[in-house]
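Observations on the model geometry
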Amino acid sequence: MSVAPAPAPTAATERVSGTGPRPRTRRRGRWGTQIFLTAVALGFLAPLLLAVYASLRPYDETAEEGYFSWPKTLSFDYYQQAFTDSEMTKYFVNTLIIAVPGVLVVLFLASFVAFAVSRLRMRGGIVLVMIFTAGNLLPQQVIITPLYTVFNKIELPYWMSDSYLMYDSYWAVLAVQIGFQLGFCVFVLANFMRTLPQEIIEAAVVDGAGVWTQYWRITLPLCRPALAALGTLQFTWMYNDFLWALVFINTGDKLPITSALNNLSGQFFTDYNLLAAGSVIVAAPTIIVFLLLQRHFIAGLTLGSAKG
């Protein structure tokens, strides 16, 4: 008894079953996406690349032939001059005094509040998160005058502020940075902690774990990618801040690194190539922090994008 051979698959059946070749439209779509993302990335990198290119050329050459000309001389002399003339070491230390404690305090307080709201099922937790989120909608400039008045009336001991006031001290800038960044971090961490399996906390409670153990030894390790992503963003925002230090710090030696660039501008003449070199030096720490935490940063951004 002979068996009739199965009919050969046609292009239509292969397309329906998914065993046929990939459609050309999908390949074109991927190529279009890659080209678009590359163009956007180059658009964002163009100012930084132009600053690096200008910082390697003498000012006389760019003044004569323009910034978009082929270079005749490339050197790192401007970087050495920018680092020494602006006393960047001192300003780097001032920035770290503000940024590093600020990031740590914000992440600790935000993670603790987010844990209480999302994992302990406290009453009014959603309303509390909404209040923290609404605080980010307030323009920072509208409270400059009230904060200036309040900080001039808060007295501090000499070991905390040589001006005996909160004004003209790192504490003023630190308090403002923590206050404004806390709401965003609470919002992000609370939403992330809600995606963690509740069975983990329930098992810890059965084993006798207290609230602090549930928070410090169970929940925080699971939030490491989210904390790394937030830490990178917070350090970048606090490091690049210029407004609050300019308003609440009067002594020039206490200003952060963003203020050091003013030392490179002359009264009657500004060497923009030297200023570009200083800008690249100032931007380098944030780039290094991102490269060191890139894996955790990307993982924190992509968490929750897929399930299963």
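Residues numbered from 1 in each chain as written. Predicted model: local features only at pLDDT ≥ 70, side-chain atom pairs only at ≥ 80, totals over all residues. Heavy atoms only, no water.

1. Digging into the overall build of the chain
Applicable threshold: Secondary structure elements are taken from DSSP: a helix is a run of H or I of four residues or more, a strand is a run of E of two residues or more, and numbering for both begins at the N terminus. Throughout this description, buried means an accessible area under 20% of the type-specific maximum (1.4 Å probe, protein chains only), exposed means over 50%, and partly exposed covers the range between. Throughout, a contact is declared for two residues whenever any of their heavy atoms are within 4.5 Å. Each accessible area is a Shrake-Rupley result for a 1.4 Å probe, and residues are judged covered by the shown protein chains and nothing else.
A tally of helices and strands in the chain yields 14 helices and zero strands. Starting at the N terminus and ending at the C terminus, the chain contains elements arranged as α-α-α-α-α-α-α-α-α-α-α-α-α-α. With 308 residues in all, the chain has 35% of them scored as buried. Counting only contacts in the chain whose residues sit at least 6 apart along the sequence, the fraction spanning at least 24 positions is 70%. When the accessible surface of the chain is split by element, carbon and sulfur atoms take 66% of a total near 19300 Å².

2. Digging into the pattern of salt bridges
What counts is decided by this rule: By convention in these notes, a salt bridge is any Lys or Arg side-chain nitrogen within 4 Å of a carboxyl oxygen on Asp or Glu.
If you walk through the whole model with that rule in mind, you get five salt bridges. Here Lys 72 ties to Glu 65 by a salt bridge, and the two come within 2.7 Å at their closest N and O atoms. Judged by relative accessible area, Lys 72 falls into the exposed class, the value being 64%. The residue Lys 254 makes a salt bridge to Asp 162 at a minimum N-O spacing of 2.6 Å.

3. Observations concerning the UniProt feature "transmembrane region" (unreviewed entry) in the chain
For clarity, the cut-off: UniProt positions are given in the numbering used here, feature names are shortened, and annotations may be inferred rather than shown by experiment.
Here, the residues flagged by UniProt with the feature "transmembrane region" (unreviewed entry) are residues 35-56, 91-115, 127-149, 169-190, 227-252 and 272-293. Here residues 169-190 runs as 95% helix and 0% strand, with 32 Å between its end C-alpha atoms. Helix and strand shares over residues 272-293 are 95% and 0% respectively, and the end C-alpha atoms of the span are 32 Å apart.

4. Things to note about the packing of helix 5 (residues 88-118) against helix 10 (residues 211-222)
How two helices sit against one another is set out by the angle between their axes and by the gap between those axes. Stated precisely, the cut-off is as follows: Note on geometry: axes are C-alpha line fits, over the in-contact stretch for helices, and angles between N-to-C directions span 0 to 180 degrees. Any angle from 65 to 115 degrees is called roughly perpendicular, while one under 35 is roughly parallel, one over 145 is roughly antiparallel, and all others are oblique. Handedness of a helix crossing follows the sense of rotation of the near helix relative to the far helix, less than a right angle counterclockwise being left-handed and clockwise being right-handed. Amino acids are sorted into nonpolar (Ala, Val, Leu, Ile, Met, Phe, Trp, Tyr, Cys and Pro), charged (Asp, Glu, Lys and Arg) and polar (every other residue, Gly among them).
At a minimum axis separation of 11 Å, helix 5 and helix 10 run at an interaxial angle of 110 degrees. By the angle class used here, helix 5 and helix 10 are roughly perpendicular. Crossing of helix 5 over helix 10 shows right-handed handedness. Taken together, the residues of helix 10 that come into contact with helix 5 (itself represented by Phe 108, Ser 111, Phe 112 and Phe 115) are Val 211, Trp 212, Gln 214, Tyr 215, Thr 219 and Leu 220. In terms of residue class, the contact of helix 5 with helix 10 is made up of seven nonpolar, three polar and no charged.

5. Brief notes about the packing of aromatic side chains
Put simply, the test is: Aromatic rings from Phe, Tyr and Trp, taking only the six-membered ring of Trp, are treated as a pair when their centres fall within 6.5 Å; an angle between ring planes under 30 degrees marks them as stacked, one over 60 as edge-to-face, and anything in between as tilted.
All told, the structure shown has 16 aromatic pairs when counted by the stated rule. When the centroid spacing of 5.7 Å and the interplanar angle of 25 degrees are considered together, the rings of Phe 180 and Trp 244 count as stacked. With Phe 180 in helix 8 (residues 170-193) and Trp 244 in helix 12 (residues 243-248), this residue pair connects regions lying 64 residues apart in the sequence. An aromatic cluster of at least three residues, connected via ring pairs, comprises Phe 108, Phe 112, Phe 115, Trp 212, Tyr 215 and Trp 216.

6. What about the packing of helix 11 (residues 224-239) against helix 13 (residues 272-292)?
Contact pair helix 11 / helix 13: the axes reach a minimum separation of 10 Å and the direction vectors enclose 175 degrees. Looking at the two axes, helix 11 sits roughly antiparallel to helix 13. Between helix 11 and helix 13, the residues in contact are Thr 232, Phe 235, Thr 236 and Tyr 239 and Val 282, Pro 285, Thr 286, Val 289 and Phe 290, respectively. For the contact of helix 11 with helix 13, the residue count by class is six nonpolar, three polar and no charged.

7. What about the nonpolar core?
Rules: To qualify as a nonpolar core, a set must consist of buried Ala, Val, Leu, Ile, Met, Phe, Trp, Tyr and Cys residues joined through side-chain atoms within 4.5 Å.
Among the nonpolar cores identified, the biggest contains 65 residues, and Met 88, Phe 151, Val 176, Leu 189, Trp 244, Phe 248 and Ile 257 are the most heavily contacted of them. Element by element, the count of residues in this core is highest for helix 8, at 13 residues. Among residues more than four places away in sequence, those in contact with Leu 189 are Leu 107, Ala 110, Ser 111, Ala 114, Ala 226, Leu 227 and Leu 230.

8. With respect to a nonpolar patch on the surface
Counted only if it meets this: Residues enter patches when their relative accessible area tops 30% and they take part in no salt bridge; the joining distance is 9 Å for like charges and 5 Å for the nonpolar side chains Val, Leu, Ile, Met, Phe, Trp and Tyr.
Judged by side-chain polarity, Leu 45, Leu 48, Leu 49, Ile 287, Phe 290 and Leu 291 come together as a nonpolar surface patch covering roughly 500 Å² of accessible area. Within the secondary structure, Ile 287 sits in helix 13.

9. Regarding unusual backbone geometry
The residue Glu 87 is not glycine, and still its phi comes out positive at about 55 degrees. One can find Glu 87 in the loop between helix 4 (77-85) and helix 5. Relative accessible area serves as the criterion here: at 44%, Glu 87 is assigned to the partly exposed category. For Tyr 164, which is not a glycine, the phi torsion comes out positive at approximately 60 degrees. Secondary-structure assignment places Tyr 164 in the loop between helix 7 (144-151) and helix 8. On the basis of relative accessible area, Tyr 164 is assigned to the partly exposed category, the value being 48%.

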